[in-house]
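Remarks on the overall topology
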Amino acid sequence: MNISSAIFDCSAPDLDSCPDETLPEFAFIGRSNVGKSSLLNMLAGELGLARVSPTPGFTKLINIFTMNKTWRLVDLPGYGFAQVARKDSARFNAAVTDYLEHRANLCMVFALLDSGLSPQAIDLEFVGWLVGNEVPFVLVFTKTDKVSAEMAHANIAAFMERISAWFEQPPAIFTCSAETGQGRQELLGVIDEAMTAIQAEAKQAGISSEDSAPQIPKETRKRRPDLNRPW
Ligand SMILES: Nc1nc2c(ncn2[C@@H]2O[C@H](COP(=O)(O)OP(=O)(O)OP(=O)(O)O)[C@@H](O)[C@H]2O)c(=O)[nH]1
Ligand SMILES: [Mg+2]
């Protein structure tokens, strides 16, 4: 997939301030500093699109970018940043959980984990939350340029071992580096595949609307039972 245009749309403090739900969205979530904003820039092919910082807790709003005029990337505030957690007295940012639970045009979440770290309690807790709330997600292990392939492999295997009992079918796993661009084609492939499925869904919905309610494929319904997609 080629990215022909990447445009900053808006920064929203909460779900109600997000733009209309007409375009499919793909969101990045993970611990503060894991590399969400950097990965967004890497996929977009534009270094300065989302703001990156070595200071954890840098992204504080829901930042939305429109890609190729047809879908959006969403940079979410990270979790696990001590000061934010203390102030809000909540483990995870309420605007983020609200967005993940209720955004009807959310197609896929990229749940980011640091490939250089052994399984972290807060990441396990968050992935458990995604599973419990039936949010569709893939796992993306970041910063592969900073760690040996053996170490990354061991950390990924340890994480998968910890979560394996939660699924019949484990989530797809990807690795990436915002420094080297590793993983870019694979992650754009996830978006491409989802967009193709959505286009098919929309076509089917259009055809079937003459004599019955728009049909959402069974697989999609299974993932998000209450989802009422806008397309
Ligand atoms: N070596 C290396 N550094 C990275 C990579 N991705 C991000 N970083 C660095 O990690 C730091 C945090 O990156 P961000 O992209 O701002 O992380 P974030 O997850 O958006 O962080 P918050 O907005 O605070 O939640 C920055 O100093 C980045 O330059 C990577 O793939 N490789
Ligand atoms: Mg950020």
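Above this text sits the structure in question.
In short, a report on the structure. Each chain carries its own residue numbering, running from 1 in the written order of its sequence. Each chain is given a letter, starting from A, and each ligand a number, starting from 1, according to the order in which they appear as written. In keeping with the predicted nature of the model, local features appear solely for residues at pLDDT of at least 70, side-chain atom pairs appear and are counted solely at 80 or more, and the whole-chain, interface and lining totals rest on all residues. To get the side-chain values, take all heavy atoms of the structure and skip hydrogens and water.

Regarding the site of ligand 1
Taken together, 23 residues form the shell around ligand 1, and within it Lys-36, Ser-38, Thr-59, Asp-145 and Ala-178 come nearest. Polar contacts here mean pairs of N or O atoms no more than 3.5 Å apart (in protein, one a potential hydrogen donor and the other a potential acceptor; neighbouring residues in sequence count only if both atoms are side-chain atoms). A distance of 2.5 Å is found between an oxygen atom of ligand 1 and a side-chain nitrogen or oxygen belonging to Ser-38. Between ligand 1 and Ser-53, the relevant distance is 3.1 Å, taken from an oxygen atom to a main-chain nitrogen or oxygen of the residue. A majority-of-atoms criterion places ligand 1 in the second largest pocket. Counted by class, the shell around ligand 1 contains six nonpolar, eleven polar and six charged residues. In these notes, residues near a molecule or strand are those with any non-hydrogen atom within 4 Å of it. A cavity here means a set of points on a 1 Å grid, drawn over the protein atoms and nothing else, where a 1.4 Å probe fits but cannot get out; a pocket is an open set with protein on both sides within 12 Å along at least five of seven lines, and a residue lines either one if it has an atom within 4 Å of a point. For a molecule to be placed in a cavity or pocket, more than half of its atoms must lie within 2 Å of the grid points of that cavity or pocket. Each residue is assigned to one class: nonpolar for Ala, Val, Leu, Ile, Met, Phe, Trp, Tyr, Cys and Pro, charged for Asp, Glu, Lys and Arg, and polar for all the others, Gly among them.

Here's the deal with the coordination of the magnesium ion (ligand 2)
Geometry reference: four tetrahedral donors at a metal, ideal angle 109.5 degrees. Six octahedral donors, ideal angles 90 or 180 degrees. With distances of 2.1 to 2.2 Å, the protein atoms coordinating the magnesium ion (ligand 2) are Ser-37 (OG) and Thr-59 (OG1). Of this pair, Ser-37 sits in helix 1 (residues 36–44) while Thr-59 sits in the loop between helix 1 and strand 3 (62–67), and the two are 22 residues apart along the sequence. Pair check on accessibility: Ser-37 and Thr-59 agree, each one buried. Note on donors: an N, O or S atom is included if it sits within 2.8 Å of the metal, or within 3.2 Å for Na, K and Ca, and water is never included, so sites can look incomplete. Runs of H or I in DSSP of at least four residues are treated as helices and runs of E of at least two as strands, each being numbered from the N terminus. Each residue gets one of three labels from its accessible area relative to the maximum for its type: buried under 20%, exposed over 50%, partly exposed in between, using a 1.4 Å probe on protein chains only.

What to know about the packing of helix 4 (residues 121–132) against helix 5 (residues 149–163)
Closest axis-to-axis distance for the helix 4/helix 5 pair is 11 Å, and the angle between their directions is 50°. Judged by the angle between their axes, helix 4 and helix 5 are oblique. Helix-helix and strand crossings are classified by hand; for helix 4 and helix 5 the assignment is right-handed. Within the contact between the two elements, helix 4 uses Asp-123, Leu-124 and Val-127 and helix 5 uses Phe-159, Arg-162 and Ile-163. In terms of residue class, the contact of helix 4 with helix 5 is made up of four nonpolar, no polar and two charged. For helices, the fitted line uses only the C-alpha atoms of the stretch in contact; every axis is such a line through C-alpha atoms, and the angle between N-to-C directions lies from 0 to 180 degrees. Every angle not falling under 35 degrees, over 145, or within 65 to 115 is termed oblique; those three ranges are roughly parallel, roughly antiparallel and roughly perpendicular. Crossing handedness is read from the near helix: turned anticlockwise from the far helix by less than a right angle, it gives a left-handed crossing, and turned clockwise, a right-handed one. Note on definitions: a residue-residue contact is assigned when non-hydrogen atoms from the two residues lie within 4.5 Å.

A short note on the side chain of Ser-5
Among the structural elements, Ser-5 can be located in the segment before strand 1 (6–12). Its relative accessible area of 17% is what places Ser-5 among the buried residues. Once residues within four sequence positions are removed from consideration, Ser-5 is found in contact with Thr-66, Met-67, Asn-68 and Lys-69.

Some thoughts on helix 1
Burial analysis of helix 1 places eight of its nine residues in the buried class, the great majority of the element. Of the residues making up helix 1, those classed as buried are Lys-36, Ser-37, Leu-39, Leu-40, Asn-41, Met-42, Leu-43 and Ala-44. At the C-terminal side of helix 1, Gly-45 shows a positive phi close to 75°.

Some details on the nonpolar core
Nonpolar cores are built from buried Ala, Val, Leu, Ile, Met, Phe, Trp, Tyr and Cys residues. Side-chain atoms within 4.5 Å join them into one set. Formed by 35 residues in total, the largest nonpolar core has its most connected members in Ile-62, Leu-76, Tyr-99, Leu-100, Leu-139 and Phe-159. At the level of elements, strand 1, strand 2 (25–30), strand 3, helix 3 (94–102), strand 5 (106–114), helix 4, strand 6 (137–142) and helix 5 are the ones that each hand at least two residues to this core. Top element by residues in this core is helix 4. It accounts for six residues. Residues Met-42, Val-138, Leu-187 and Leu-188 belong to the second largest nonpolar core, which totals 30 residues.

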